[in-house]
Each structure stands twice: as structure tokens, then as C-alpha cells.
Number of protein chains: 2
Amino acid sequence: MRLKLDSIRAAHERIRPYIHRTPVLTGSRLNQATGASLFFKCENFQKIGAFKARGATNAVFSLDDATSRRGVATHSSGNHGAAVARAAKLRGIPAHIVMPSNSAKVKIRAVESYGARVVFCEPTEQARETACADVIAQTDATLIHSFENPDVIAGQGTAVVELLEDVPDLGLVMCPVGGGGLLAGTALAAKSMRPNIKVIAAEPENADDAAQSFRAGRVIHTEKKFTIADGLRTNVGEPNFAIIRRYVDDIVTVSEDAIIFAMRMIWETMKIIVEPSAAVPYAAIQEGKIDVGGQRVGIILTGGNVDLEALPWNL
Amino acid sequence: MRLKLDSIRAAHERIRPYIHRTPVLTGSRLNQATGASLFFKCENFQKIGAFKARGATNAVFSLDDATSRRGVATHSSGNHGAAVARAAKLRGIPAHIVMPSNSAKVKIRAVESYGARVVFCEPTEQARETACADVIAQTDATLIHSFENPDVIAGQGTAVVELLEDVPDLGLVMCPVGGGGLLAGTALAAKSMRPNIKVIAAEPENADDAAQSFRAGRVIHTEKKFTIADGLRTNVGEPNFAIIRRYVDDIVTVSEDAIIFAMRMIWETMKIIVEPSAAVPYAAIQEGKIDVGGQRVGIILTGGNVDLEALPWNL
């Protein structure tokens, strides 16, 4: 994979008609609490409620016409499925979304609302991949992998391009890491635009494979414990790790309590709804895992899709 | 009271260093649901989490130096108390805030965090006024009434000035009405800036004194039933009604269920936190109390201070 800043700039032009240019918000109380100047890129306000709209839209609109007409397929229990379904609807092509049978009803309805076909499978990684392979064998649809696809990575990188356009003089950019689509795109774009900027990712302690991989210099798959940050349970991808290893400065980990506390702080002081995964970078700052004193820090708030009847502080 | 647009413009200059210029957000799903173009003025992102920062800051900074040094006093169980406390701290003068003894702890702490003195009283309107009069007799502080004070009204009117600067061609502006500080300031400013604009307020059915007063052409005080929109339980003030009667086109009422449904819709589709009172205008649209089809509608989202452990859909 030879992704470059040009790929990300091209992605930005391609997806611009279909995504929001999300606002960058500040929060004086969080600045006071951390001694830094924090700039939050609000991808919770993005289409489908998460940055995933960027990568999926870029991948779907990068297909040539003949290929696109055969449709697209993916497996996802979360935001990527909705993002692919929406992009396919915008392009007017079929979409097949493999979802675990125990997916939240609201997520199933979101995918169906875009006219996509939902294919249910057992809730294991193996079953998801098998079911998706079957769908592709039957339909000749193109797989849009949620983080390894280079067009997805390029699309995710467009968020930090906008952030750096709006706040040019950031010293540090932070995002969470799961499969590594956002982190790879963010790090590649940020370091290409600002060679001296730092890029630090944050990850739940209970799903710390990316941090372990970063220390080891090779991809390490780990058995996952439960984390409230459901968007970050995935192991980091090989193509993602190659980019991460080259461009990322550090990966830090945070406790579950810190994630919940940070999420609540963001809700209460900024009056915006972010999902647990989105709160992970701020949790790392708040837990003292990174020293940000006096710095200008950009943080990508990845999404805002939460079940309002099951908030973590009420459980 | 001879409030004019000039008073509101002067208020805007006076408070500008101390308040946020809040963003105007749109929500494509709410536009689809209503057939209108809705523009939400996000005073939930305002200092202290509500538009009340505008009026209180204007009133406190309008005092001459000698008067201001004797301090300010008010009675409030909600956002106005925090707003006066914050403004007094910014000006470096004492503040005495009378609060019902059953006020939420988080609201008491907010007031105390600005260094104000909290005076507790029995949770009745009569007890609040008596306690506040006692404080003023003892301290010679100046009363900053939460909605009847003309400088408060002028300050509240600055929100719609910003809204019309950002979205000049609105056909309709909406806000909720309780005591009428926001509505009077909004209507006066909007009609002065755009004589052809419509201004419509919304109110809970369970606290419909302003709607009744509007129909009758004189202030009618009603026995209040409970409403989830705790910011709107107050009866409309006489000076407020004089302005409202002159400039407001209509006042509509909404059910409790509609308020909760509207609040949840705003949270889920816009990913922002608004308090029940802030959801009342959108509830009126959603309940079909106003026909907004094809119109460009500005809605003032009044605040975002809610208890995250007691959300109405979980009760």
C-alpha cells in the first residue's frame, strides 16, 4: 500500500458533497482541568453519527462504474455498516451488510433504513468473515473492509485535514485506535502536512493490542477483555500497523473507569453526546498518561452513537 | 420600560468579552421530519450552560461602580443564579443567591463555585421573595430579577441578534416562554431587525399562563401542574408581557410527552445535550401546533443543564 497525502486530498474532494464539514469545538472547563488548549473535531456530528462515513463513502465512490454495479459488502456490528449502506444508497448500488445476530436493533434499523440487505450471522469474528465471504461469492459484490481497505484509510484521514485547516498550529493530534483505519489515515495526513506535529493514539487497557504491537514493532493479536469502548475491540490490521509504526509517536492505554469518567466530563461540560470510544483520548489526558500542559491539542471525537437507555454511569 | 433595539445592541457590546458566540447547528434528519429548514442557536453551549449568562452579565455590568460594590442578589433555583454568581465574580463584587433548600446539589455547587453566598429558603415562591428581600435589606445589594429586569431582557435579546447575523433570511423565530425574559428580548430584537419576521413562542400545556395571557390580552396567573420543563414553570412577568403582547405573533402549547420525545429526537439526531425546556419549540413543530413546511425557522436552544442520572426516558 502506497498511501500518500495526495490520496487523502483526492478522497476529500471525492466525498465532500456527501459528508459534513464538522465543527471544531473548544471547552473552557476542560482546558482549565488539563492546562492545555484542546480542540475537538466533532465527528459525532458527522453523517451516520461517526467518522466512518468518510472512509466508507470514499471507498464506495472510488469503485469504477462496472465494479460498483455488482454491489458492495462488508461485515460490521457498528458504524461502518451504516456508513457503507448509506454510501451505496447515494451511489445507487446494492449493499450487503453482514451483522451479528445480537446486534442492537437500532443499528440494524439504521442499516436497513438505507435500503441495504442485512445478512445475520453468529456473533463471532470467524462467522462474520465466513458469512461475508459467502455473500461475496454469491453476488460478486466488492468487499469494503472497515479498516484495511486503503480507500477507507484515505477517507478517515480527511478529518484531520479539516482540523488542521481550521486550527493550523496544533502541536499534538490524538485519536483512539481499534483496527487502525482512523489512526493510520490521521497520522499519515498530519505528519505529511506538519512534519513536526506529534500524533498519539489512545486505547483501552482491556483491548491494548495496538499498544503492545507498537512496543514490539510487529502486530500482536490479543485476547480481548470487555471494554465499554465498543468501537475499539478490534485488533489492529497489518496494513494499518505498517503506517502506524512509521508515523505515530506513541500509543497509550486507559482504564475503563477513566473512559466512563471522561465521557461524562465531555457530556456535562461541552453538552455534546460522544460514544465511549470517542472519550478515550481525553481519558488518557485526564489520567495523566500524556503530558499536554501548555500545548495546543487536537482530538478527534470519533462518534456519538450511544444507547440513551443504557448510559454507563447508570448501569 | 422603553427597551429598544439599541439597548440590545449596547448589551451585546457590553457582554461580548464574557460570553460565547454560540454556533448555529442544523440537523438534516429533523429537517426531513418537519419539511422545514431548522437553524438551532446552541445556547446549551453558552457559559453556565444556558442563555441566562447573557442577561445576568448585562445586568451586573450595567451597574455603576458605587452600586455594584454593594453587591447583587437574586433568587433562583436554576440557571439564573449561576449566571448572576458568575457575572459578579467576573466584576469582582459580592453575590447573594437565594435558593430553595431542595435545590439540586449540582446547582448549589455551581453557584458556590463562583464564590457566591448561597442563602437557603423554603421551596415556595413567597419564601424566596421574602428571603431575597431580607438579604437586600441587610446588605444593600441590588436585586437582579431573573426576567423582569430590563437589562436582563436586553441581554437575553442578544442571542437572536447573533442568530440573525448568521442566518439573515429566517421567516420565523421560536423560543420557549417561562417568565418571558428571553421571549421579550427575542421578539423585540427580531421584529426591530426584521419587521416581517414571525416570532412564535412555545410553552408546556401544564404551565400555559403565557398562552392564556396572550389570548386574554392581560397577564393571567395560573396554578401550575408539574412540567418536566423546569425552566418554564414561572408565570410571565408584567413588563415582559407588555413587550410580548406587542411583538409576538403567537404562543402555542405542547404536551409533556411531546417535550420528552422532542428532547430525545434532538439528542439522538443532533448529538447535543439540551434540557427539557429547550426542546419545547421543536416539540410544538413535531406535534403539529405550527405549520413550518418550507420555511426557514430559527430555534433558540435555551440550555443543556440536565441530570444525566435522571433522564426522562429512563424514569
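Residues numbered from 1 in each chain as written. Chains lettered and ligands numbered in written order. Predicted model: local features only at pLDDT ≥ 70, side-chain atom pairs only at ≥ 80, totals over all residues. Heavy atoms only, no water.

Draft legend 1. Up close: the overall build of chain A. Across its full length, chain A holds 14 helices and 10 strands. Against the compact-globule benchmark of 20 Å for 315 residues, chain A has a radius of gyration of 18 Å, which places it among compact chains. Dimensions along the principal axes, computed over C-alpha positions, put chain A at roughly 55 × 45 × 40 Å. For chain A, contacts bridging at least 24 residues in sequence account for 73% of all contacts bridging at least 6. Accessible area of chain A: about 12,100 Å², with a carbon and sulfur share of 47%. Here chain A contributes 35 positively and 34 negatively charged side chains, and the mean placements of these two sets differ by 5 Å. (Helix = DSSP H or I, 4+ residues; strand = E, 2+ residues; numbered from the N terminus. Rg over C-alpha atoms; globule rule 2.2 N^0.38 Å. Contact = heavy atoms within 4.5 Å. Areas by Shrake-Rupley, 256 points an atom, 1.4 Å probe, with all protein chains shown as cover. Lys, Arg positive; Asp, Glu negative; His and termini not counted. Charge placed at Lys NZ, Arg CZ, Asp CG, Glu CD.)

Draft legend 2. A look at the interface of chain B and chain A. Contacts between chain B and chain A engage 20 residues on the former and 20 residues on the latter. Across the chain B to chain A interface the summed buried area is about 1,700 Å²; carbon plus sulfur atoms make up 56%. Linking chain B with chain A are 2 salt bridges, by the criterion used here. With a closest N to O distance of 2.7 Å, Glu309 of chain A and Arg264 of chain B form a salt bridge. Summed over the shared surface of chain B and chain A, the number is 14 residue pairs in polar contact (both at pLDDT 80 or more). For the side of chain B that touches chain A, the element with the most residues is helix H13 (residues 256-270) of chain B, which contributes 4 residues. (Buried area = accessible area lost by both parts, 1.4 Å probe. Salt bridge = Lys/Arg side-chain N within 4 Å of Asp/Glu carboxyl O. Polar contact = N/O pair within 3.5 Å; in protein donor to acceptor, adjacent residues only side chain to side chain.)

Draft legend 3. Quick peek at unusual backbone geometry. Residue and element names in this part refer to chain B. Residue Ile48 is not a glycine yet carries a positive backbone phi of 60°. The residue Ile48 is located in the loop between strand S2 (37-42) and helix H3 (52-62) in this model. Residue classification places Ile48 among the buried positions, given a relative accessible area of 15%. Phi at Lys271 takes a positive value of approximately 60°, unusual for a residue other than glycine. By the secondary structure assignment, Lys271 is in the loop between H13 and helix H14 (280-286). (Buried < 20%, exposed > 50% of the residue type's maximum accessible area, 1.4 Å probe, protein only.)

Draft legend 4. Structural context of the environment of Pro195 of chain B. Mapped onto the elements, Pro195 of chain B comes out in the loop between helix H10 (181-193) and strand S8 (198-204). In this structure, the C-alpha to C-alpha distance between Pro195 of chain B and Tyr247 of chain B, residues 52 residues apart in sequence, is 9.7 Å.

Draft legend 5. Structural context of the sheet that holds strand S10 (residues 296-301) of chain B. All names here are of chain B. Here we have 6 strands laid out as an open sheet, ordered S1-S2-S10-S7-S8-S9, and mixed in their pairing. In this open sheet, the two edge strands, each paired with only one partner strand, are strand S1 (24-25) and strand S9 (250-254). Sheet topology places S1 next to S2; 2 bridges connect them, and they run antiparallel. Residue pairing in the sheet places Leu25 in a bridge with Phe40 of S2. Each of S1, S2, strand S7 (172-176) and S10 touches helix H9 (residues 158-166); the most contacted strand, S10, lies at about 145° to it. (Pairing = 2+ DSSP bridges. Axes fitted to C-alpha atoms, helices over the stretch in contact; angles between N-to-C directions.)

Draft legend 6. Broad picture of the sheet that holds strand S6 (residues 142-143) of chain A. Residue and element names in this part refer to chain A. With parallel pairing, the 4 strands of this open sheet are ordered in space as S5-S4-S3-S6. The open sheet is flanked by strand S5 (117-121) and S6, the only strands paired with a single partner. For strand S3 (residues 72-75) and strand S4 (residues 95-100), the ladder comprises 4 bridges, and the chain directions are parallel. Within the sheet, the bridge partner assigned to His75 lies in S4 and is Val98.

Draft legend 7. Here's a closer look at the domain arrangement of chain A. Residues and elements named next belong to chain A. Splitting chain A by domain gives domain 1 (5-50 + 151-314) and domain 2 (53-149). Once you take the C-alpha centre of each, domain 1 and domain 2 turn out to be 24 Å apart. Facing 36 residues of domain 1, the contacting portion of domain 2 comprises 21 residues. Both faces considered, domain 1 and domain 2 share a buried interface measuring about 2,100 Å² in area, 57% of it formed by carbon and sulfur atoms. Area buried by domain 1 at its contact with domain 2 is led by Tyr18, Ile48 and Val152, which between them contribute 33% of it. On the surface where domain 1 and domain 2 come into contact, there are 3 salt bridges. Notably, a salt bridge pairs Arg54 with Glu43, separated by 2.6 Å at the nearest N-O pair. At the junction of domain 1 and domain 2, the tally comes to 15 residue pairs in polar contact (both at pLDDT 80 or more). Among the elements of the structure, helix H1 (5-15), helix H8 (150-156), helix H9 (158-166) and helix H12 (238-247) are those that each provide at least two residues to the side of domain 1 that touches domain 2. Split by residue class, the side of domain 1 that touches domain 2 holds 12 nonpolar, 15 polar and 9 charged. (Domains from an automatic or database assignment. Nonpolar A, V, L, I, M, F, W, Y, C, P; charged D, E, K, R; others polar.)

Draft legend 8. Representation of the relation of the copies chain B and chain A in the model. With an axial shift of 0.0 Å and an RMSD of 0.0 Å, the rotation relating chain B to chain A amounts to 180°. Taken together, the turn and the small shift mark the pair as related by a two-fold rotation axis. Identified as the residue of chain B closest to the rotation axis by C-alpha distance is Ile272 of chain B, at 2.1 Å. When the interface residues of chain B are mapped onto chain A, 100% of them again lie at the interface, so the same face is used by both copies. (Least-squares fit on C-alpha atoms with pLDDT ≥ 70 in both.)

Draft legend 9. View of the environment of Asp208 of chain B. All names here are of chain B. Residue position: Asp208 is located in the loop between S8 and helix H11 (209-216). Distance from Asp208 to Arg233, taken between C-alpha atoms, is 8.9 Å for residues 25 residues apart in sequence. Asp208 has contacts with Glu203, Thr222 and Thr253, leaving out every residue within four places of it along the chain.

Draft legend 10. Inspection of the confidence of the model for chain A at higher detail. Per-residue pLDDT for chain A averages 96, and the proportion of residues at 70 or more is 100%. As scored by the predictor, the complex reaches a pTM of 0.95 and an ipTM of 0.94. (pLDDT = per-residue confidence, 0-100.)

Draft legend 11. Geometry of H11 of chain B. Taken together, the buried positions of H11 of chain B are Asp209, Ala210, Ala211, Ser213 and Phe214 of chain B. Of the residues flanking the end of H11 of chain B, it is Gly217 of chain B, one or two places downstream, whose phi is positive at about 80°.

Draft legend 12. Layout of the pairing of S3 of chain A. All names here are of chain A. Residues Val72 and Thr74 of S3 are buried on one face, and the alternating residues Ala73 and His75, pointing to the opposite face, are buried as well. Bridge analysis of S3 against S6 gives 2 bridges, and the strand direction is parallel. Within the sheet, the bridge partner assigned to Val72 lies in S6 and is Thr142.

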